[in-house]
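# Per-entry structural report
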Amino acid sequence: MEIILSDVVDGMLESVGVLRILRVMRIVRLSRLLRKTRNLRELQKLVRMMATCLKALMWSFVFCFMVMTVWAMLIVEWVYPRVQSLHD
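Everything quoted here is computed from the prediction, not taken from an experiment.

### Section: the overall build of the protein chain
- A count of helical and extended segments in the protein chain gives three helices and zero strands.
- Reading the protein chain from its N terminus to its C terminus gives the helix and strand order α-α-α.
- Per-residue burial for the protein chain yields a buried fraction of 2% across its 88 residues.

Structure below.
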């Protein structure tokens, strides 16, 4: 196991920085700890629910952005000629 892991790590060190590998290893250890700990079931459920709602949250942001952009363009197109006519 160590030989395979050392070969993989040697190949990865050339393309990826050492600190990035250490961060990934830390996240993997943390995820193992969360899976093994029985006392943190509520936290596990919360993290799982947040992960499942991210897609819906992203689409709601996109939808709000599109609606606000369209309304802003419509208002500018409607208000600008009236402001110009008032100025003249």
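On we go from here.
### Regarding a nonpolar patch on the surface
- A cluster of nonpolar side chains, contributed by Phe 63, Val 67, Val 70, Trp 71, Met 73, Leu 74, Ile 75, Trp 78, Val 79 and Val 83, occupies part of the molecular surface with about 980 Å² of accessible area.
- Along the chain, Val 70 turns up in helix α3 (residues 41-87).

### Some remarks on α3
- When the terminal C-alpha atoms of α3 are compared, their 65 Å separation across 47 residues agrees well with the 69 Å that a helix rising 1.5 Å per residue should span.
- For α3, the principal kink sits at Leu 54 and spans about 35°.

### Side note on a positive patch on the surface
- Taken together, Arg 20, Arg 23, Arg 26, Arg 29, Arg 32, Arg 35 and Lys 36 make up a surface patch of like positive charges.
- In this structure, Lys 36 sits in helix α2 (residues 18-36).
- Take Lys 36: its relative accessible area is 68%, and that puts it in the exposed class.

### Quick notes on the environment of Gln 44
- Mapped onto the elements of the fold, Gln 44 is located in helix α3.
- Between the alpha carbons of Gln 44 and Ser 31 there is a distance of 9.7 Å; along the sequence they are 13 residues apart.
- Setting aside chain neighbours within four positions, we find Gln 44 in contact with Leu 34, Arg 35 and Thr 37.

### Considerations on the confidence of the model for the protein chain
- On average, residues of the protein chain score 80 in pLDDT, and 82% of them reach the 70 mark or higher.
- Within the protein chain, helix α1 (residues 2-15) has the poorest average pLDDT of any element, 57, and α3 the best, 90.

Cut-offs used in this document
Residues numbered from 1 in each chain as written. Predicted model: local features only at pLDDT ≥ 70, side-chain atom pairs only at ≥ 80, totals over all residues. Heavy atoms only, no water. Helix = DSSP H or I, 4+ residues; strand = E, 2+ residues; numbered from the N terminus. Buried < 20%, exposed > 50% of the residue type's maximum accessible area, 1.4 Å probe, protein only. Patch = residues over 30% accessible without salt bridge, like charges linked within 9 Å, V, L, I, M, F, W, Y side chains within 5 Å. Areas by Shrake-Rupley, 256 points an atom, 1.4 Å probe, with all protein chains shown as cover. Salt bridge = Lys/Arg side-chain N within 4 Å of Asp/Glu carboxyl O. Expected span 1.5 Å × (residues − 1). Bend = angle between axes of the 7 residues up to and from the residue. Lys, Arg positive; Asp, Glu negative; His and termini not counted. Charge placed at Lys NZ, Arg CZ, Asp CG, Glu CD. Contact = heavy atoms within 4.5 Å. pLDDT = per-residue confidence, 0-100.

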